[in-house]
Amino acid sequence: MTVLEMLVKRDFQRSQGNWYPANGGTETEITTRNGYRLLYCWQPSSGRHAYLNLDTDIILSDEEARLAFGH
């Protein structure tokens, strides 16, 4: 990845707003059957909820979360 691509990606992520642990910050991590450590999070700027992979620090798409839970 080039420096320009990294900066564009960073700016896009910043424009999306921060993610916070759901349930008023009381959410705790869960471990899925396939070993993923996930944290259920909330993004106030969009009103979205999603799972954060604690090992990669990446927000999972709905499809990735479904697969992580084995559904």
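Just above, that's the structure.
From a predicted model like this one, the values you see are computed outputs, not experimental measurements. (Residues numbered from 1 in each chain as written. Predicted model: local features only at pLDDT ≥ 70, side-chain atom pairs only at ≥ 80, totals over all residues. Heavy atoms only, no water.)

1. Here we look at the pattern of salt bridges
Turning to step 1, where the next piece is worked out: Enumeration according to the criterion identifies four salt bridges in this entry.
Turning to step 2, where the next piece is worked out: In this structure, the salt-bridge partner of Arg37 is Glu29, at a minimum N-O distance of 3.1 Å.
Turning to step 3, where the next piece is worked out: With relative accessibility at 30%, the residue Arg37 sits in the partly exposed group.
Turning to step 4, where the next piece is worked out: The residue Glu63 makes a salt bridge to Arg66 at a minimum N-O spacing of 2.5 Å. Taken together, the residues span about one helical turn, with Glu63 and Arg66 both in helix H2 (residues 62-68) at a distance of three residues. (Salt bridge = Lys/Arg side-chain N within 4 Å of Asp/Glu carboxyl O. Buried < 20%, exposed > 50% of the residue type's maximum accessible area, 1.4 Å probe, protein only. Helix = DSSP H or I, 4+ residues; strand = E, 2+ residues; numbered from the N terminus.)

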